[in-house]
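Per-entry structural report
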Amino acid sequence: MPAKSRTYQPARVHAALRAQIEALRAAVHRLTAADLDRPTRLGEWRVRELVAHLSLVLDRLPEQLDAPVPDGPPVTPARFTELTGTVAETVDTSVTGFAAEEYAGPPEAVAVRFDRSADAARAALDAVADAAPARPVAMRFGPMPLTEFLVTRLVETVVHADDLADALGPEPFPHDRQAVAAVTRMLADAFAERVPGGAVELRVPPYAVVQAVEGPRHTRGTPPNVVESDPLTWIRLATGRTDWAAAVDAAAVSASGERSDLRAYLPLLR
């Protein structure tokens, strides 16, 4: 587990989310009719449903920032990763209906509708630009500090932008660097919190290093169990987009030591 909770810099998080929204907007504007009907790695969703889901995420941002905050303990990023799977069926039903109502048209109409979502989200971010980072927000699972909540919105926009790039290929998505950094760190910290210990050092350069997994704690010198990957590979592993064995076989993950096989603990977010 990390020695202390990570503190995110509010200005960087706000800027990263704005940049990621604009990168998504540009990608949606480039979609063709054939692109919208391409399959994705998300079950029965086509690109059309994936874009509709991203639109819903952005549409709900103003509502969540303005909603009354429920009572209860704050939702931590690690708890957020645990709970996302509990609403998968609800999300799928909501997205399917929304896509049929709002995203059934040609590419030009899809772009116009997505612009509405992006513009609303940008305006909502501007309205809380000077708000206290710890101000509670009413997210789906309970109250969450503002800046940490916005990091979960980065998770949505980074992970699903990567889904979009996978569906469209072959070019990678032009993610905002700070967006990828925040998501990498959040998922690494969530891993360390959910699989506490000090037997394995997880390295995701240049953004995160955490110790996790029960067993002898490393204190000095070279750790006996080390796992290392690039940021996008770690994000894909943590969210179930990449299989552990396949990533190791492709040399996208380096794992050394008898406790370094993490497949039993992944994915974190479903």
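Above this text you will find the structure in question.
Cut-off values and rules
Residues numbered from 1 in each chain as written. Predicted model: local features only at pLDDT ≥ 70, side-chain atom pairs only at ≥ 80, totals over all residues. Heavy atoms only, no water. Helix = DSSP H or I, 4+ residues; strand = E, 2+ residues; numbered from the N terminus. Rg over C-alpha atoms; globule rule 2.2 N^0.38 Å. Buried < 20%, exposed > 50% of the residue type's maximum accessible area, 1.4 Å probe, protein only. Contact = heavy atoms within 4.5 Å. Axes fitted to C-alpha atoms, helices over the stretch in contact; angles between N-to-C directions. Parallel < 35°, antiparallel > 145°, perpendicular 65-115°, else oblique. Nonpolar A, V, L, I, M, F, W, Y, C, P; charged D, E, K, R; others polar. Pairing = 2+ DSSP bridges. Core = buried A, V, L, I, M, F, W, Y, C linked by side-chain atoms within 4.5 Å.

**Here's the deal with the overall build of the chain**
Within the chain one finds 10 helices and six strands. Expected size for 270 residues packed as a compact globule is a radius of gyration near 18 Å; at 19 Å, the chain falls within 12% of this value. When the backbone C-alpha atoms are referred to their principal axes, the chain occupies close to 55 × 40 × 30 Å. Residues classed as buried in the chain amount to 51% of the 270 residues present. Intrachain contacts of the chain at a sequence separation of at least 6 include 71% that bridge at least 24 residues.

**Re the packing of helix H7 (residues 146–168) against helix H8 (residues 177–194)**
When two helices pack together, their arrangement is given by the angle between their axes and by how far apart the axes lie. Where H7 meets H8, the closest approach of the two axes is 9 Å, and the angle between their N-to-C directions is 110 degrees. The angle between H7 and H8 falls in the class roughly perpendicular. Between H7 and H8, the residues in contact are Val151, Thr152, Leu154, Val155 and Val158 and Ala179, Val180, Ala182, Val183 and Met186, respectively. Tallied by class, residues from the contact of H7 with H8 come to nine nonpolar, one polar and no charged.

**A closer look at the pairing of strand S4 (residues 208–212)**
The element S4 is extensively covered by neighbouring structure, given that four of its five residues are classed as buried. The sheet contact formed by strand S3 (residues 200–204) and S4 spans five bridges and is antiparallel. Bridge pairing in S4 links Arg203 to Val209.

**Here we look at the nonpolar core**
Core analysis: the largest hydrophobic core is formed by 87 residues, its most contacted members being Phe114, Phe191 and Trp234. Here this core gets 12 residues from one element, more than from any other, and that element is H7. Aside from chain neighbours lying at most four places away, what touches Phe191 is Leu202, Ala212, Val213, Trp234, Leu262, Tyr265, Leu266 and Leu268.

**Digging into the sheet that holds S4**
By way of backbone hydrogen bonds, the strands of a sheet pair with one another, either parallel or antiparallel. Across the sheet, which stays open at both edges, the four strands sit in the order S4-S3-S5-S6 with mixed pairing between neighbours. Two strands in the sheet have a free side with no partner beyond their single neighbour: S4 and strand S6 (253–256). Going from strand to strand, the sheet's axes swing by 10 degrees on average, the running direction of each strand aside. Contacting S3 and S4, H8 runs over the sheet at an angle of about 10 degrees to S4.

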